[in-house]
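Analysis of the macromolecular model
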Amino acid sequence: MTEAILLVGGRGTRLRPLTVHTPKPMLPAAGVPFLTHQLARAKAAGVDHIVLATSYLAEVFEPHFGDGSALGLHLEYVTEEEPLGTGGAIRNAAAHLHSAPEDPVLVFNGDILTGLDIRRLVGTHRATGADVSLHLTQVTDPRAYGLVPTDGTGRVLAFLEKPQTPEEIVTDQINAGAYVFRRSVIDTIPAGRPVSVERETFPDLLAAGAHLQGMVDSTYWLDLGTPAAFVRGSADLVLGRAPSPAVPGRCGDRLVLPTARVAGDAKLTGGTVVGEGAFVGEGARVFGSTVLAGAVVEPGAVITDSLIGARARIGERSVLTGTVVGDGAVIGADNELRAGVRVWCDARIPTGALRFSSDE
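The model shown is predicted, which means the values in this text are computed figures rather than measured ones. (Residues numbered from 1 in each chain as written. Predicted model: local features only at pLDDT ≥ 70, side-chain atom pairs only at ≥ 80, totals over all residues. Heavy atoms only, no water.)

**Concerning the sheet that holds strand β22 (residues 313-314)**
Backbone hydrogen bonds are what pair the strands of a sheet, in a parallel or an antiparallel way. Convention followed: When DSSP finds two or more bridges between two strands, those strands count as paired. For the purposes of this entry, the term helix denotes a DSSP run of H or I that reaches at least four residues, the term strand denotes a run of E that reaches at least two, and both are numbered from the N terminus.
If you walk across this open sheet you meet the six strands as β13-β16-β19-β22-β25-β28, and the pairing is parallel. At either end of the open sheet lies a strand with only one pairing partner, and these are β13 (261-262) and β28 (348-349). Summarising the sheet, β13 and strand β16 (residues 279-280) pair through two bridges and their orientation is parallel. Across the sheet, the residue bridging to Arg261 is Phe279, located in β16.

**Considering the nonpolar core**
As a reminder of what qualifies: Side-chain atoms within 4.5 Å link the members of a nonpolar core, which is a set of buried Ala, Val, Leu, Ile, Met, Phe, Trp, Tyr and Cys residues. Residue exposure (1.4 Å probe, protein chains only): buried if accessible area is under 20% of the type maximum, exposed if over 50%, otherwise partly exposed. Contacts are assigned to residue pairs that have any heavy atoms within 4.5 Å of one another.
If you look at the biggest cluster of nonpolar residues, it comprises 29 residues, and the most contacted ones within it are Ile5, Ile90, Val132, Leu134, Phe181, Phe202 and Leu212. Secondary-structure elements contributing two or more residues to this core are β1 (3-7), β4 (49-54), α3 (85-93), β6 (104-109), β8 (132-138), β9 (173-182), α5 (183-186) and α6 (197-207). Filtering out sequence-adjacent residues up to four positions away, Val132 remains in contact with His125, Tyr179, Val180, Phe181, Val185, Phe202, Leu205, His211, Leu212 and Gln213. Formed by 25 residues, the second largest nonpolar core is a distinct cluster that contains Leu35, Tyr77, Ala178 and Val180.

**Some remarks on the UniProt feature "domain: Nucleotidyl transferase" (unreviewed entry) in the chain**
Stated precisely, the cut-off is as follows: UniProt positions are given in the numbering used here, feature names are shortened, and annotations may be inferred rather than shown by experiment.
The positions UniProt marks with the feature "domain: Nucleotidyl transferase" (unreviewed entry) are residues 4-236. As annotated, residues 4-236 comprises 26% helix and 23% strand, and the C-alpha atoms at either end are separated by 25 Å.

**Points about the packing of aromatic side chains**
Under the convention used in this document: Pairing of aromatic side chains here covers Phe, Tyr and the six-membered ring of Trp, requires ring centres within 6.5 Å, and sorts the geometry by plane angle: under 30 degrees stacked, over 60 edge-to-face, intermediate tilted.
A full pass over the atoms with the stated rule returns five aromatic pairs. Relative to Phe202, the ring of Tyr179 has its centre 5.1 Å away and its plane inclined at 70°; by these criteria the two rings are edge-to-face. Residue Tyr179 is found in strand β9, and its partner Phe202 is found in helix α6; the two are separated by 23 residues along the sequence. The exposure classification of Tyr179 matches that of Phe202, with both residues buried.

**Notes on helix α1 (residues 34-44)**
Burial analysis of α1 places nine of its 11 residues in the buried class, the great majority of the element. If you check which residues of α1 are buried, you get Phe34, Leu35, Thr36, His37, Gln38, Leu39, Ala40, Arg41 and Ala42.

**As for the pattern of salt bridges**
Applied cut-off: Salt bridges, as used here, are contacts in which a Lys or Arg side-chain nitrogen is within 4 Å of a carboxyl oxygen on Asp or Glu.
One pass over the full model with this rule turns up 14 salt bridges. In this structure, Arg182 engages Glu102 in a salt bridge whose closest nitrogen and oxygen atoms are separated by 2.5 Å. Of this pair, Arg182 sits in strand β9 while Glu102 sits in the loop between α3 and β6, and the two are 80 residues apart along the sequence. A residue is classified by how much of its surface remains accessible, and Arg182, at 16% relative accessible area, is buried. Salt bridges sharing common partners tie together Glu102, Asp131 and Arg182.

**Topic: the side chain of His37**
The cut-off we apply is this: Two N or O atoms count as a polar contact when they lie within 3.5 Å, although within protein this holds only if one can serve as hydrogen donor and the other as acceptor, and sequence-adjacent residues are included solely when both atoms are side-chain atoms.
Along the chain, His37 falls in helix α1. Residue His37 is classed as buried on the basis of its relative accessible area of 2%. Within the local environment of His37, its side chain forms a polar contact with the side chain of Ser244, the two groups lying 2.6 Å apart. If sequence neighbours within four positions are ignored, His37 has contacts with Ala29, Ala30, Val32, Leu237, Ser244, Ala246 and Val247.

**Things to note about unusual backbone geometry**
At the junction of Arg16 and Pro17, the peptide bond is cis and its omega measures out at 10° in the coordinates. Mapped onto the secondary structure, Pro17 falls in the loop between β1 and β2 (28-29). You will see that Asp305, though not glycine, has its phi angle at about 50°, which is positive. Along the chain, Asp305 turns up in the loop between β20 (302-304) and β21 (307-308). Given the relative accessible area of 40%, Asp305 is considered partly exposed. Here the phi dihedral of Asp346 falls at roughly 65°; this positive angle occurs in a residue that is not glycine. Mapped onto the elements of the fold, Asp346 is located in the loop between β27 (342-343) and β28.

Shown next, in the form of structure tokens:
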């Protein structure tokens, strides 16, 4: 296996305001763009040529990664003028592949953090002679996902949309967002229009008698599509719970990038990341959170399971729990923000303006 397509064109609407200025795969996780972790894992698995299928804010990828030589990869970039869905994006990128018709091509989504054994998935694909092989993972509550039941040999039997009743939950296996395609199968995807592999390509292949193979790998898996999940994923990378060769430092309770400044009595725990040029003041406590480049956490602030955008400022004694603060926003002193709050980019919240408890 030498080639892969990486789908990085999504708008990341569930992550706003984090994705107003930055595409989802370029958001920093454990100190580097999330995409860096995916590229590094692909490289470690033997991939050397990756086509990035871009769309939203496509112009930011190539200036950062270039031709990929710094990572030991050959990267190419394909931009969709109009969103084409997962299948359409794969088909649009296919012109840049060099594989022969029977060769395997790895395809993976740009928002999944996983410990998938990529070599094992490709090995399963080759051993079974499948047309497409899918990484499946098992979840406790599959109601939010499409289900993928398989037979005793792992052959896919059906693709079932999100179940609505207990009777419809026939398996705990879900599509985990990584595939191996026979190169010739990619060429059968319609070109020039939106196509969903989940709703169109895979069901159509199954109906036509194609061999779709599922491989269950229930190591670490997390969809980073929501702010809470993204913060958790970054913390898990720092803590070493999620595997990546691209974490810029030792795994542990905290990751402080080289130009960041942290007061001696500030407490950083739970996989917290403090980005380049950021500052955490005296007596501040930051747990399981990400403080992006140039942000300021003033003395006495308490931040838990939150993401503080680039150049944002958190005022003295403010308490944030499960909060997302957009780039350049300013939270004045003595505010209290609880789970689910999203402060938009460059917003200003005055001193003591928001509280969920009394002022005593």
